[in-house]
Structure formats: C-alpha cells, structure tokens
Amino acid sequence: MTTSPPVTAPPRRYGHFIGGQWVDGREEIDRAAPATGEVVSTVAAGEASDVDAAVAAARRAFDDGPWPRMTGFERAALLHRVAELIDAHADLFARLDAEEGGKPVRLSRGDVAGAAQLTRYAAGLAVQMHGSTYTNNGPDFTGLVLREPSGVAGLITPWNFPVLILCQKLPFALAAGCTVVVKPSEMTSSSTLELARLYAEAGLPEGALNVVTGDGRAGQALAEHHGVDVLSFTGSTATGRRILEASTGNLKKLSLELGGKAANIVFADADLEDAAEGVVFGGFFNNGECCVAQSRLLVQADVADAFLAEVAARAEKLRVGQPLDEATDVGALIHDRHLETVLGRVEEARRQGGEVVTGGGRSPEASLAAGQFLQPTILDRVTPDMSAFTEEIFAPVLTVSRFETVEDAVALANAVDYGLSNSVWSKDIDKALPVAKALRSGTVYVNTTIDAPPTMPFGGYKMSGVGREMGQAGFEEFTEVKSVNIRTGKRAGTFGIGAAHPTVA
Ligand code: NDP
C-alpha cells in the first residue's frame, strides 16, 4: 500500500487506485514525454492479479455499497461536485495530457472543459433515469420496464484524449449506478489517476471507481474478466477485435469506439473560406491523432486547385512546437515508433503516385530535434487503391482526391472500411442533407467539423465500432432493461397448458 500524494510537477509516481487505496505494483512503467524524451511519470504495471483486486472491489461496491442504491439526485450531486473540481484543476489536467500525450496544451484545455461538461450532462441523466409502463397488455396486466445499472463496468481508454474520452464513459457509467474499473493507456495515465483522486475527494464511495494502470496485458485481463458486466473501449480496430474475442467468456456487453478515415467533402458551392478553415482544423487538430480526424479531403474538381492552394497556405502557417507552449498548433506524435510508421506511410503514398504538396518529413526545427515532431503534410492525387486513402494514419497527414459529381463524392467517401464520421460542405441544403443521409458513418457534420456536443450519440458504422457513447444512447450502454409483468385479479384457470394467454417463445 502506498499513499500517492498529489504531484503536479514531473517526475510523478503513481500506484493503482483500488478500493479507495493507492496500491503499488510489482513492476513499474516509465513514461518519457514525446516532445523531449525525458521521463515525466512512472505508473504501476498492472497484472491480472491487480485487475482481479480492482474488479472484486467494484463488485463489492456494486453488490453491497451505497452507490447503486442512491437516488439519481444524490448521484447527480456528486457528479456536479466532480465537475466543479475538474474546472478548479483545469490547468493540471491540461498540462498532464499535453506533457504525456504530446498534444498542444491549448487543445488540452478544451478537452478539460469538455470533460467537465460531459460530467454535468451525465449528472442530468442520473436524475432522468427511468423506465416505462405498459397499460395496454390487457385489463389484468401491467407491464413495468425497469432500467437498471448493468453492474461492474470496465473502461479501456486511449492516449489521444486521455481525460476527455474517459469522461465520455466514466460519468455515464456512474450516473447509471454502475461501479467501474478503468485501464488508461500506459502512456497517458496521470490524468485518469488524478481524476480518481478528485472523485474520492468529492465523496464517491470506496470501490465505486478503481484504476489499474499498465499496458495491453492489463487491458486484456479486464476484457477477459468474468466479473465485468459491461466493457467500453476506445482505441484501434485491431485491439477492438481482440477485446471482442476476449469478452466472449462471459458474453459481456460491449461498446467499441474504433478507428476512422473520415472525409471532408467540399462542393464547389460551399463557403470556401469556411471550408478551408474546417479542412485544416479537421485534418490537423490534435496532431491528426484523432479518431474523427477528417484525414481525407474530397474536393469538387472545378474548384480543386484553388481550394488546395488555400488549404496548403493555411497548413504551412500552423506552428509546430512544444506541447506546453500556448502558441503551438501541432505538437509531438505519441512515440518514436509511431513517427517512423507515419513517415513510412508517407513514403509509400509517394511511391504509389501521391504528390507531397507540403510537409512530408520531420520538423526541421533544431529546438524540436529531441522529440517526435512531423511537419503538417498534404498528399495530393491520392486514389482509392492507395493505402493512404483507406488506412488510418493517425497523424497530421491530409490526403486529397478530386470528384466530379455528387454520386462520385458519396462513393469515394464510403469506399473505406471505416464509418465513424464525415463532413459535408455546401450552401445547398437540398444537396447537403441527402449526402449526409447517404454517408455510411455514425456522425456527419454539415458546414462544420469535429463538433461533439454531449447530447449527440457518437459511434461508428462498419469497422469503426459497435455501440454509442454520449447522449441518451451512450448512457443506456451502461444499463439493462428488465421487464416485470404483473397480473392482478384471480387467474381463473387461464394459466393451464393450452389456455390462451400472453406468452413468449
Ligand atoms: P490501442 O488500441 O492498442 O490502445 C488503446 C487502449 O487499449 C490502451 O489503453 C491500450 O493499452 C489498450 N490495449 C492494448 N492492447 C490491449 C488488449 N489486447 N486488450 C485490451 N486493451 C488493450 O492503440 P495504440 O495505442 O496501439 O494505437 C495504435 C493505433 O490505434 C493508432 O495509430 C490509431 O490508428 C489507433 N487509435 C485509435 C484511437 C481512437 O480514438 N479510436 C485511439 C488510439 C489509437 P496501452 O496503451 O497501455 O498499450
């Protein structure tokens, strides 16, 4: 057992957070900041036994603890207190995620504001949680449909939006009355652990929230665990598939938010200034390390050259720099292997006929030489048979393809295995809305991009996942419905075999 004091300056050191206690691991994992190579935090390397302990704590808290038995108002009050605490610690969270994840601190601050907003929204859902009643099942029957918490929820989160994606899941699970075990990415665990500390400070009962840190082995143990009733994961499609297989042991309920290969479809009749701003934002926001990154620009041929010139000029003005510098637009990629993979992808696209319009290599800035910095890159003449068109690159790399007709645009946008999001830019709603309906993705933005109000459900078609986060639908992922069929009055022989009465197969 260890006490893990609030540490804000690196190097930080944390144990797991299990049953309200800080618990040391047998082994530890160092995290080197991707911008500098210096170790900024050390976390416990979770093993299956740590996951067992955390799931057991969550199970006790669910079966015997006060959290699932509180009223919606009581749960909401606690979530509101947590939201206040997140706001009060906004600088800390923004810095932790920027330092460990390499993302610009300015964007990280937006993530923290989003995390507080999601927590407040979930508080409202806690109050509203209710079932329904059927009074039309016959005069002697009343049907109650109860909505209940699913039980113990496992949450596995990635490194690109550590505190934000956590809050797309955690307050929703807690609002429903679930108890939780979180496994954050080994690369960006500090903000999750600090958030657990704030939940405890706000008065969350012991065991209702547990955090086991570690690499994919800890995630795998959580996905396999028979004590977990519902599992929510965000990350790569490859890992999502492994989690799906691992979860079959007890057929736990699953929600998987996976990769994407979104298109920004720009029609000639769009407000091209707005569209250019949106394309640059959608392509390079969060270093392009974003599941909804609009990493493919599909532009109508008659305006393509001029539009691309405008987009390239804006991309060249983006400032690549240290994540903690307020002026930075594009920070450091998550780790050196990822940067090498991305450089390989750019080279492959070049070999396959793509043209580098801007960028294409590491940042030439001498002051950034110790970190994983890529120049914002635009690849033109990318066609659907090229891997840069179909595969997630997860970096500030934008591909450009041209189209002639509305039908071509829809076909190109849909010609990938992913279906998380797409954007449509046109001033003609008679065009934009049918295109939005024809796109095979869980989200479509029209004349905007990467906006995600907590009220709107978020998730994927095709290989971008199953289930939804946020909105009422995201909340319901952490609930079960139970039908209670009540008969009043005397049976008068109607229960006999062969007698007619409402039944199920
Ligand atoms: P992963 O999908 O491997 O990681 C996401 C989370 O799952 C992390 O907490 C990770 O732990 C954990 N994990 C890893 N292996 C397992 C497993 N077998 N069972 C359960 N949990 C596991 O993503 P990567 O970090 O490897 O990124 C690779 C690629 O995935 C990116 O380049 C990008 O294309 C995509 N990605 C997509 C994201 C999205 O938002 N949809 C987010 C992140 C990545 P740990 O990090 O400790 O290994």
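Structure first, text after, so check above.
None of the values given here were measured: they were computed from a predicted structure. Within any chain, residue numbers begin from 1 and follow the written order of that chain's sequence. Under the rules for a predicted model, residues below a pLDDT of 70 receive no local features and side-chain atom pairs below 80 are neither given nor counted, while totals for whole chains, interfaces and linings still include all residues. Only hydrogens and water are set aside; all other atoms, that is, all heavy atoms of the structure, feed into the side-chain values.

K.L.:
Give a description of the site of the ligand that names residues and reports values.
P.N.:
Around the ligand there are 27 residues in total, and Thr157, Trp159, Lys183, Gln220 and Ser236 lie nearest to it. Under the rule applied, a polar contact is a pair of N or O atoms within 3.5 Å (in protein, one hydrogen donor and one hydrogen acceptor; residues adjacent in sequence only if both atoms are side-chain atoms). Here an oxygen atom of the ligand and a backbone polar atom of Thr157 are 2.8 Å apart. Side-chain polar atom of Thr239 to an oxygen atom of the ligand: 3.0 Å apart, as the coordinates give it. Exposure was quantified through the Shrake-Rupley algorithm and a 1.4 Å probe, taking into account, for residues, occlusion by the shown protein chains and nothing else. Calculation on the ligand without its partners gives an accessible area of 860 Å², and the protein chains cover 85% of this total. By definition, any uninterrupted DSSP run of H or I lasting at least four residues is a helix, any uninterrupted run of E lasting at least two residues is a strand, and each is numbered from the N terminus. At the level of elements, helix 8 (216–224), strand 11 (230–234) and helix 9 (237–246) are the ones that each hand at least two residues to the shell around the ligand. Residue composition of the shell around the ligand, by class: nine nonpolar, twelve polar and six charged. Working definition: residue near molecule or strand if any one of its non-hydrogen atoms lies within 4 Å of it. In this classification, Asp, Glu, Lys and Arg are treated as charged, Ala, Val, Leu, Ile, Met, Phe, Trp, Tyr, Cys and Pro as nonpolar, and every other residue, Gly included, as polar.

K.L.:
Requested: an account of the packing of aromatic side chains, with residues and values cited.
P.N.:
Where two aromatic rings form a pair, the distance of their centres and the angle of their planes describe that pair. Pairing of aromatic side chains here covers Phe, Tyr and the six-membered ring of Trp, requires ring centres within 6.5 Å, and sorts the geometry by plane angle: under 30 degrees stacked, over 60 edge-to-face, intermediate tilted. Enumeration according to the criterion identifies seven aromatic pairs in this entry. Here the aromatic rings of Tyr121 and Phe172 are separated by 6.0 Å at their centres, their planes lie at 55 degrees, and the arrangement is tilted. With a gap of 51 residues between them, Tyr121 in helix 4 (residues 105–128) and Phe172 in helix 6 (residues 170–176) connect regions that are remote in the sequence. Relative accessibility under 20% of the residue-type maximum defines a buried residue, over 50% an exposed one, and the middle range a partly exposed one, all with a 1.4 Å probe and only protein chains included. Residue Phe172 is classed as buried on the basis of its relative accessible area, which comes to 0%. Centroid distance Phe281 to Phe285: 4.8 Å. Interplanar angle 35 degrees. Geometry classified as tilted.

K.L.:
Lay out the pattern of salt bridges in plain terms, naming residues and giving numbers.
P.N.:
Throughout this description, the term salt bridge denotes a Lys or Arg side-chain nitrogen within 4 Å of a carboxyl oxygen of Asp or Glu. Throughout the structure, instances matching the rule amount to 29 salt bridges. Note that Arg13 is salt-bridged to Glu28, the shortest N-O span being 2.8 Å. One end of the pair, Arg13, is in strand 1 (residues 12–13); the other, Glu28, is in strand 4 (residues 28–32), with 15 residues separating them in the sequence. Across the salt bridge formed by Arg350 and Glu347, the nearest N and O atoms sit 2.9 Å from each other. One end of the pair is Arg350 and the other is Glu347, both in helix 12 (residues 336–351) and three residues apart, which spans about a single turn. When salt bridges that share partners are traced, they join Arg12, Arg95, Glu99 and Glu100 into one network.

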